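Notes for the structure review
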Amino acid sequence: KIVKEPEVSTGWADNDTYTVRVTAADTDRAVDSAKHRILQDIVRVRVLNDSRFTDISMISDEFDKPLKEGRIISERETADGVEIYFQIRDKGLRNKFERK
């Protein structure tokens, strides 16, 4: 019997939940990389939306709490190390992401 991994999707699960997939040498590096990827995604969305709030250090402070409380929802070993799906949640996260 083949056991299929549950499908985990990246991006928006709902307006309060955002997920990214990252591969790194170990779990700690993967988590750091996932947090960095989320910050990059926020900057990209804001630049595309002509937001005034695109400074990565300010965004890092603004999203400090959801990033600290982020969690790995799926983890598996790969040839390159470990692949994780990392998820952050916050009330109104999508609106904060797209802040003008």
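Structural data are supplied above this passage.
Let us look at the structure shown here. (Residues numbered from 1 in each chain as written. Predicted model: local features only at pLDDT ≥ 70, side-chain atom pairs only at ≥ 80, totals over all residues. Heavy atoms only, no water.)

**A few points about the pattern of salt bridges**
Per the counting criterion, the structure on display carries eleven salt bridges. Note that E83 is salt-bridged to R21, the shortest N-O span being 3.0 Å. One end of the pair, E83, is in strand 4 (residues 81–89); the other, R21, is in strand 2 (residues 17–24), and 62 residues separate them in sequence. Among the salt bridges present, the one from E69 reaches K65, with a minimum N-O distance of 3.4 Å. A single salt-bridge network, built from bridges that share partners, covers R21, R76 and E83. (Salt bridge = Lys/Arg side-chain N within 4 Å of Asp/Glu carboxyl O. Helix = DSSP H or I, 4+ residues; strand = E, 2+ residues; numbered from the N terminus.)

**Thoughts on the nonpolar core**
Counting 20 residues, the largest nonpolar core has I38, I84 and F86 as its most contacted members. For this core, the secondary-structure elements that each account for two or more residues are strand 2, helix 1 (27–48), strand 4 and helix 4 (93–97). Broken down by element, the residue count for this core peaks at seven residues, all from helix 1. For F86, the residues in contact, after removing those within four places along its chain, are Y18, T19, V20, V31, A34, K35, I38, L67, G70, R71 and I72. (Core = buried A, V, L, I, M, F, W, Y, C linked by side-chain atoms within 4.5 Å. Buried < 20%, exposed > 50% of the residue type's maximum accessible area, 1.4 Å probe, protein only. Contact = heavy atoms within 4.5 Å.)

**Quick word on the sheet that holds strand 2**
Strand order across the open sheet formed by four strands is 1-2-4-3, with antiparallel pairing between neighbours. Bordering the open sheet on either side are strand 1 (11–14) and strand 3 (71–78), each of which pairs with just one other strand. On average, each strand axis in the sheet is tilted by 25° relative to the strand beside it, whichever way the strands run. Sheet topology places strand 2 next to strand 4; eight bridges connect them, and they run antiparallel. Looking at the pairing, T17 lines up with R89 of strand 4. (Pairing = 2+ DSSP bridges. Axes fitted to C-alpha atoms, helices over the stretch in contact; angles between N-to-C directions.)

**Remarks on helix 1**
Spanning 22 residues, helix 1 covers 31 Å between terminal C-alpha atoms, matching the ideal 32 Å at 1.5 Å per step. Within helix 1, the full set of buried residues consists of A30, V31, A34, I38, L39, D41, I42, V43 and R46. Each element contacted by the buried residues of helix 1 is listed here: strand 2, helix 2 (56–62), helix 3 (64–68), strand 3, strand 4 and helix 4. Between the side-chain oxygen at the start of helix 1 and the backbone nitrogen of D28 there is a gap of 3.2 Å, and the oxygen is on D26. Looking one or two residues past helix 1, D50 carries a phi angle of roughly 55°, positive in sign. (Expected span 1.5 Å × (residues − 1). Polar contact = N/O pair within 3.5 Å; in protein donor to acceptor, adjacent residues only side chain to side chain.)

**Points about the pairing of strand 1**
Two elements, strand 1 and strand 2, share three bridges in a ladder whose sense is antiparallel. From the neighbouring strand, D14 faces strand 2, where its bridge partner is T17. Connecting strand 1 to the next strand, strand 2, in antiparallel fashion are two residues.

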